[in-house]
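Chain and residue survey
Each chain, letter by letter, is given below.
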Amino acid sequence: MGNQIGIREVARKANTSTATVSRALNNPGSVRAEVRSRIDAAVRELGYVPDAAARALSSRRTQTIGAILPTVDNAMFARGIEALQKYLSAQGYLLLLATNDYDPDVEFRQVQNLISRGIDGLILRGDMHSDELRQLLFHQHMPFVNVGVYHPEKPYASVGIDNVHAGRLACDYVIGLGHQRIGMIAALTSRNDRASGRVAGVRQSLAAHSLKMQKEWYVEIPYHLDDARQAARTVLLRDGERPTALICGNDVIAYGVMLEAERRGFSVPRDLSVIGFDDLEWSRHLRPSLTTIHVPTDNIWTRAGEYLVRTLANQPVSLHHEVEVSLVVRESTAAPQTSD
């Protein structure tokens, strides 16, 4: 059985016009709150569900935004998607989500799937996409935005942070504490421009202070606690000189490093300073609490959604938007105990 309740019944119940009901459903902000409240109540009471297919045929829009993430096994992505969903819902848009596991071939197929389902716009993580995908988006005239990166020199939209600057900020702080023996446990940089940008920033900071990271003190790992703990063992338990500070590619990696350091008898920050990136909720609750680079994830993903919504409405919007990061100093970092 099809939907037996139509827009006319909703309008009659809410004591308003069908045009007003249509505006309230498609653009809630264009209708006064009191009227919108009556319409919402009528929709709930009658069990009305808009006919998305009919609306798409008449407007050539589905009010649907697609987003592709590397994985959902990431607290930062989960926070970002939650903020994006909240914003899009308030604008009358539906979010379709897919993952690609950092694989450009999978990403291309997922974009094909989303386009075939009639999305109006697309959010992609980072800017490491295949030429094939860029051609597809061009030929389909598909509005899209790269989230998590800030690339003002590129001809397509980006909303995010300057990851190189963030890496420099973290390393400059550690050097300012007096550390010279500095290592890094980074997220995998292959097909991940956010991770590689942070590594580049750390190396720039070291070079600016005439310091060099020993190759044995640099490890790239997947985004898992077990891998972080193994990397910490590799760096801290090797023979010879050890770093007095470890810069971690994200907070989860930092958690693993701190757990393993404690297990192996190292005191944080007395024997080892640890700094992360992202500022996840757990970072302030750990003991010692984690010094980290705060990344305003909610703002980034909301801004990305705003870019697409405004673009689809033919409203002016900046092609690029940089969201500032900040250093959050907590208990996991301190000056080194011995002179370097």
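A brief report on the enclosed structure follows.

Calculation rules
Residues numbered from 1 in each chain as written. Predicted model: local features only at pLDDT ≥ 70, side-chain atom pairs only at ≥ 80, totals over all residues. Heavy atoms only, no water. Helix = DSSP H or I, 4+ residues; strand = E, 2+ residues; numbered from the N terminus. Buried < 20%, exposed > 50% of the residue type's maximum accessible area, 1.4 Å probe, protein only. Lys, Arg positive; Asp, Glu negative; His and termini not counted. Charge placed at Lys NZ, Arg CZ, Asp CG, Glu CD. Pairing = 2+ DSSP bridges. Axes fitted to C-alpha atoms, helices over the stretch in contact; angles between N-to-C directions. Contact = heavy atoms within 4.5 Å. Core = buried A, V, L, I, M, F, W, Y, C linked by side-chain atoms within 4.5 Å. Parallel < 35°, antiparallel > 145°, perpendicular 65-115°, else oblique. Left-handed = near helix turned anticlockwise from the far one by under 90°. Nonpolar A, V, L, I, M, F, W, Y, C, P; charged D, E, K, R; others polar.

With respect to the overall build of the chain
- In terms of regular secondary structure, the chain is built from 12 helices and 12 strands.
- Counting only residues that meet the buried cut, the chain has 48% of its 340 residues in that class.
- Distance between charge centroids for the chain: 5 Å, based on 38 positive and 38 negative side chains.

Regarding the sheet that holds strand 7 (residues 218-221)
- Taken together, 6 strands build an open sheet; the order of strands is 7-6-8-9-10-12 and the sheet is mixed. The open sheet is flanked by strand 7 and strand 12 (326-328), the only strands paired with a single partner. Here the strands of the sheet are splayed against their neighbours by 20° on average, with no regard to which way each runs.
- With 4 bridges joining them, strand 6 (residues 182-187) and strand 8 (residues 245-248) adopt parallel strand pairing. Each bridged residue has a counterpart across the sheet, and for Gly183 the counterpart in strand 8 is Leu246.
- Running at roughly 170° to strand 6, helix 9 (residues 193-208) makes contact with strand 6, strand 7, strand 8 and strand 9 (273-278) of the sheet.
- Against the sheet, helix 11 (residues 251-263) contacts strand 6, strand 7, strand 8, strand 9 and strand 10 (291-294), and its axis sits at roughly 155° relative to strand 9.

A word on the nonpolar core
- Counting 74 residues, the largest nonpolar core has Ile123, Ile247, Val257 and Val274 as the members making the most contacts within it.
- Residues contacting Val274, with those up to four places away along its chain left out, are Leu246, Cys248, Ala254, Val257, Met258, Val268, Leu290, Thr291, Ser332 and Thr333.
- Membership of the second largest hydrophobic core comes to 15 residues, among which are Ile68, Leu136, Leu137 and Met142.

Considering the packing of helix 8 (residues 163-176) against helix 9
- Direction vectors running N to C along helix 8 and helix 9 enclose 40°, while the axes themselves pass 6 Å from each other. On the basis of the axis angle, helix 8 is oblique to helix 9. Helix 8 and helix 9 meet at a crossing whose hand is right-handed. In this structure, helix 8 uses Asn163, Val164, Gly167, Arg168, Cys171, Asp172 and Ile175 to contact helix 9, whose residues at the interface are Arg194, Gly197, Arg198, Ala200, Gly201, Val202, Gln204, Ser205 and Leu206.
- Looking at the contact of helix 8 with helix 9 residue by residue, the class counts come to 6 nonpolar, 6 polar and 4 charged.

Notes on the environment of Ile81
- Note that Ile81 resides in helix 5 (residues 75-90).
- Overall, Ile81 belongs to the buried group, its relative accessible area being 14%.
- Beyond its immediate sequence surroundings of up to four residues, Ile81 is in contact with Leu69, Leu95, Leu97 and Trp301.

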